[in-house]
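Each chain, letter by letter, is given below.
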Amino acid sequence: MPRTPKTPFINRILSKRDKLQAGVVEDLLLEVAEERDLLEVIFDSMVEGVIATDHHGKVIFFNSAAQTLFSLQEEAVLGRDIRELLPQGELRDRIAQAIDSGERVYESELRVEVPVERLLRMNIIPLIARLERFFGTVILVIDITERKKAEDALANRDRLMEATAFSALELLRGADPESSVNKVLARLGQATDADRVY
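Predicted model only: the values in this text are computed from it and were never measured.

Chemist: Mind showing me how you'd approach the overall build of the chain here?
Modeler: The helix and strand tally for the chain stands at eight helices and five strands. Written out in order from the N terminus, the α and β elements of the chain read α-α-β-β-α-α-α-α-β-β-β-α-α. Among the 198 residues that make up the chain, the fraction classed as buried is 29%. Summarising the internal contacts of the chain: among those between residues at least 6 apart in sequence, 33% fall at separations of at least 24.

Chemist: What is the right way to look at helix α8 (residues 177-191) in this model?
Modeler: Residue pairs spaced three or four apart in an α-helix point in one direction, given the helix's 3.6 residues per turn. With 15 residues, α8 should reach 21 Å at 1.5 Å per residue; the first-to-last C-alpha distance of 21 Å fits that figure. Buried residues along α8 sit in contact with α7 (145-173). Note on α8: the residue one or two positions beyond its end, aspartate 193, has a positive phi of about 55°.

So, how was this worked out
Residues numbered from 1 in each chain as written. Predicted model: local features only at pLDDT ≥ 70, side-chain atom pairs only at ≥ 80, totals over all residues. Heavy atoms only, no water. Helix = DSSP H or I, 4+ residues; strand = E, 2+ residues; numbered from the N terminus. Buried < 20%, exposed > 50% of the residue type's maximum accessible area, 1.4 Å probe, protein only. Contact = heavy atoms within 4.5 Å. Expected span 1.5 Å × (residues − 1).

Shown next as structure tokens:
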């Protein structure tokens, strides 16, 4: 039993197949299939999770990075509403709002627990066809948890180095050792977020 094409483009080609030369339709369909295969390979090689939905929010593409991020298999999500697949929370709310409004979301960062706590950066792009017709959404998601931890560690190191440099100068220049020690301990306490330094 032949499969029913799902895109208007393929339906238009097939409706005109009587007028086309033999083999032209098959060549066009093979070309479309090759392009689709190439796009799938490209999207599956990306580190960003890529999720595409139709205008109702039903998932039409879910790359391997998205599968890893959300611990969901492509077979389990295709054709289902993305809003039903994600747990309640800010991630689901932002995606639902973008799909419902057709508005773009830029560089949105949020903490989620899918399946473990992560910090995600997300872009949601509405897909607009000719004549301004909204026909779906692309959601790009990347896990920035480790990068954020590294940035925080560098910032902490920089604060501690600055406090150490201040301490060395204060102890070398300070006329009153007791006052200098108190200033040094206060600065080191600030740099290490300590409540109390002795």
